[in-house]
Amino acid sequence: MYKPAPPRPKKTNIVRSRNGCKSCRERKTKCDEQRPICGTCKRLGKICETIRPEIKFRMVAGPSANGKPCSPTPSQELQSQVTSEQNSLSRTFGNLDLIKSLQHVERDIFYSTYWEDSCLPALHPLFHWTSRLAGEHPILSDAILALSSCNLSRQHAERRTLSTSSMGSYSPSLVHQTRSQLYYSSAIKRFTALNQFDYQSNATMVLAVLILFAYVESSMGNFHGFNCHVDGLTRLLTELPESSGDAMMNALLTSWMQVRYVVWWARAYFSSIDVHQQLPSISLPRSLTGGCNSIQERRVTGLSIMCESHRINSQTILRHWSHGLGSKDPHQDGHQVNDEEYTTYCLLLSEQSKRLDDWLASLPPSEQPIYTDVVHNSESDDSNPPIHFQTHDAALNFAYYVVARIMQGTGILRNLHTKDPKTLDHECREEEPWVRILLQIAKGADMHTSLSRNNYTIGFSGLLLAGLLRCQSLPLGLEIQSWLQKLQDLQPTEEGAFPVYQSLGVAKAINQQKMIGRDIFAVTQPLDDGGGTPKVTAYNSQSIDNLVFYGKCRLSGCLFVDCVSIDGSDGMG
């Protein structure tokens, strides 16, 4: 029988330290690994720097079809420090490797930092509160990171290898968009796991999550997904007790209503005439109809007045053409609005005008235009000098006020109704001074700020397009086109979630009609597309190649309906 083999003698009794300090390692002495300073460093008065093992990651491919392990390709190998993703993200946004998204902690920290620096300034101050609660509620954290990465994907465009004129030459960042979808899916999964107790005990948190979901869908131009959240949030609000004095609830409702008006505006540009005639009125909740105590509440009140005035004005104007679409006569005058209808529409606009007067009366001096006594040089100065404000938010809010005034003008309605030859070619006499002021406000705003701060509200590009449809002056129309051209030269993607190149393409087409003596008062799509498809790989949800123009010939005074091709190729990068 064999006896057990005797133990092998140790070569040395030294036990090597793997977590010692750098000083002891260099001195080749045993470190007692005391913290925060080892005994040797304390005795010698040296700095005790702990040695950490270097951690590297490597992607290993699975076995191939023949059972042999596959050699990893260069693109599959990732050997870097744990912080390599954060370092690479700080260097560039455009060329990121999807493999790095596996490093969840670093990725979350990066998007959280971007949220704090770039997203919060464009949102209601309420969302500073949500940021503090994110650590306690994973669902809230996922929703925040979904919106942050979505915003980053849209702010950092990638040039397309192949593109069509209707889709533009740029697409959002694929890496950031992919991560946004992952965060969003995680948040949706957590949300579906909530029960009735969660809804009641954490109502404000649930509302905040739903509003963040709505902002994601609005940014993506997903009208179907947005309407799903509208239905869910509406049901939730009906189950909650009335709390008009709750500041937190009012702040949530203010944020909620702002995104609703943004989506309403996007649907109004562009839909078919039938859809446009049926666009609903979106009323403010009762708790927000009182006094405007903050700039955010003044914004959402101004948006409500502007959108409702736009709805009444545009639907009334389009009624003059609504029955002439099938006519073979290009000068078909369509439907004549009778006296009773005309009086009703004027009264509705008068009610909105009174609301706007109250809004202006509540505007503090700090949010009003800054008037100076500077004398401009008539030889070189712009005929429409910029109008400045103390803050960007104040400028944008006042722009909403101006567009509401434009839409409350009854000059076009009256002249279309009476067809008085004395007013021929002067239908927009009341509205054009306000259109000029709108352009001056846009000129006074910083374009870079507009591109970053208008992500979750209606931006200047959409407002100027509305103003252009209430303007018969060709020089003023060309100035609006010039401003849009400068904006697309700076960033040929979107502003206020509205594609800049589409606004520019439509503005050019409208001005071309003005040059041949035709005034355009409304535009729609030939066939409605439901708002298009979500903007996952594009900056526009709709492929707009042709639009129906509703206008009037200046010389004859006859109304016309014409399908016009939109050439936006040189406005798309």
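Per chain, residues are indexed from 1 in the order of the written sequence. In keeping with the model being predicted, local features are shown solely for residues with a pLDDT of at least 70 and side-chain atom pairs are shown and tallied solely at 80 or more, while totals for entire chains, interfaces and linings include all residues. To obtain the side-chain values, all non-hydrogen atoms of the structure were included, while hydrogens and water were left out.

J.: Which parts of the structure should I look at to understand the overall build of the protein chain?
T.: The helix and strand tally for the protein chain stands at 21 helices and seven strands. For the protein chain, with 573 residues in total, the buried portion stands at 51%. Across the protein chain, every contact between residues at least 6 apart in sequence was considered, and the portion connecting residues at least 24 apart equals 72%. Surface accessibility in these figures is a Shrake-Rupley result with a 1.4 Å probe; residues are shielded only by whichever protein chains are displayed. Put simply, the protein chain shows about 28,200 Å² of open surface, and 53% of that area lies on carbon and sulfur atoms. Runs of H or I in DSSP of at least four residues are treated as helices and runs of E of at least two as strands, each being numbered from the N terminus. Exposure categories follow from relative accessible area, calculated using a 1.4 Å probe and restricted to protein chains: below 20% of the type maximum is buried, above 50% is exposed, and the middle band is partly exposed. Residues count as neighbours in contact if any of their non-hydrogen atoms are within 4.5 Å of one another.

J.: Can you help me understand helix H17 (residues 432–444) in this one?
T.: Helical geometry: 3.6 residues make up each α-helical turn, so side chains three or four residues apart lie on a common side. Between its first and last C-alpha, H17 extends 19 Å over 13 residues, near the 18 Å set by a 1.5 Å rise per residue. Of the positions making up H17, those classed as buried are Glu432, Val435, Leu438, Leu439, Gln440, Ile441 and Ala442. Residues of H17 that are buried sit in contact with helix H15 (392–408), helix H19 (460–468) and helix H20 (474–490). In a helix, the anticipated span is given by 1.5 Å times the number of residues less one.

J.: Whenever I open this one, a nonpolar patch on the surface confuses me. Can you help?
T.: A cluster of nonpolar residues, Leu478, Met515 and Ile516, forms a patch on the protein surface that exposes about 290 Å² of accessible area. You can see isoleucine 516 is positioned in the loop between helix H21 (500–515) and strand S5 (518–524). What goes into a patch is any residue over 30% in relative accessible area without a salt bridge, connected to like charges within 9 Å or, for nonpolar side chains (Val, Leu, Ile, Met, Phe, Trp, Tyr), within 5 Å. Salt bridges are defined as contacts in which a side-chain nitrogen from Lys or Arg sits within 4 Å of a carboxyl oxygen from Asp or Glu.

J.: Any chance you could explain the UniProt feature "domain: Zn(2)-C6 fungal-type" (unreviewed entry) in the protein chain here in plain terms?
T.: UniProt positions are given in the numbering used here, feature names are shortened, and annotations may be inferred rather than shown by experiment. Listed under "domain: Zn(2)-C6 fungal-type" (unreviewed entry) in the UniProt record, and renumbered for this structure, are residues 20–50. Structurally, residues 20–50 comprises 39% helix and 0% strand, and the distance from its first C-alpha atom to its last is 6 Å.

J.: Looking at this structure, I do not really get the packing of aromatic side chains. What am I missing?
T.: Aromatic ring pairs: the centre-centre distance and the angle between the two ring planes describe each pair. Only centres within 6.5 Å qualify two rings of Phe, Tyr or Trp (six-membered ring in Trp) as a pair; their planes then separate them into stacked at under 30 degrees, edge-to-face at over 60, and tilted for everything else. For the structure shown, the criterion picks out 17 aromatic pairs. Their ring planes at 70° and their centres at 5.9 Å tell us that phenylalanine 191 and phenylalanine 213 sit as a pair that is edge-to-face. Pair noted here: phenylalanine 191 is in helix H7 (residues 174–192) and phenylalanine 213 is in helix H9 (residues 203–220), with a separation of 22 residues, a long-range link. Neither residue differs from the other here; phenylalanine 191 and phenylalanine 213 are each classed as buried. Aromatic side chains phenylalanine 460 and tryptophan 483 sit 6.2 Å apart centroid to centroid with 70° between the ring planes, which places their arrangement in the edge-to-face category.

J.: Honestly, the sheet that holds S5 in this entry has me stumped. Any pointers?
T.: With antiparallel pairing, the three strands of this open sheet are ordered in space as S5-S6-S7. In this open sheet, the two edge strands, each paired with only one partner strand, are S5 and strand S7 (559–565). Neighbour to neighbour, the strand axes of the sheet diverge by 35° on average, direction disregarded. For strand S6 (residues 546–553) and S7, the ladder comprises seven bridges, and the chain directions are antiparallel. Looking at S7, one finds that asparagine 546 is bridged to serine 565. A pair of strands is labelled paired if DSSP reports no fewer than 2 bridges between them. Axis lines are fitted to C-alpha atoms, over the contacting stretch for helices. Their N-to-C directions set the angle, which ranges from 0 to 180 degrees.

J.: Explain the packing of helix H13 (residues 295–318) against helix H14 (residues 339–361) to me, please; I cannot follow it from the model alone.
T.: Two measures define how a pair of helices packs: the angle their axes make with one another and the distance between the axes. For the pair H13 and H14, the least separation of the axes is 10 Å and the interaxial angle reads 160°. What the angle tells us is that H13 and H14 run roughly antiparallel. The element H13 and its partner H14 pack so that their crossing is left-handed. When H13 is examined against H14, the residues Arg298, Thr301, Gly302, Ser304, Ile305, Glu308, Ser309, Ile312, Asn313 and Thr316 are found in contact with a partner set consisting of Tyr345, Leu348, Leu349, Gln352, Arg355, Leu356 and Trp359. In the scheme used here, Gly and all other residues not listed as nonpolar or charged are polar, with Ala, Val, Leu, Ile, Met, Phe, Trp, Tyr, Cys and Pro taken as nonpolar and Asp, Glu, Lys and Arg as charged. Its residues placed into classes, the contact of H13 with H14 shows seven nonpolar, seven polar and three charged. By definition in this entry, angles of less than 35 degrees are roughly parallel, angles greater than 145 are roughly antiparallel, angles of 65 to 115 are roughly perpendicular, and the rest are oblique. Helix crossings fall into two classes, left-handed where the near helix is turned counterclockwise from the far one by less than a right angle and right-handed where it is turned clockwise.

J.: Any chance you could explain the nonpolar core here in plain terms?
T.: One recurring pattern in soluble globular proteins: nonpolar side chains tend to sit buried together. Side-chain atoms within 4.5 Å are what join buried Ala, Val, Leu, Ile, Met, Phe, Trp, Tyr and Cys residues into a set we call a nonpolar core. Residues Trp265, Met306 and Leu463 are the most contacted members of the largest nonpolar core, which totals 127 residues. Ranked by residue count, the leading element in this core is H9, at 14 residues. Sequence-distant contacts of tryptophan 265, that is, excluding residues within four places in its chain, are made with Met306, Cys307, His310, Val403, Ile458, Gly462, Leu463 and Ala466. Within the second largest apolar cluster, 18 residues are counted, among which are Tyr342, Leu413, Leu416 and Leu559.

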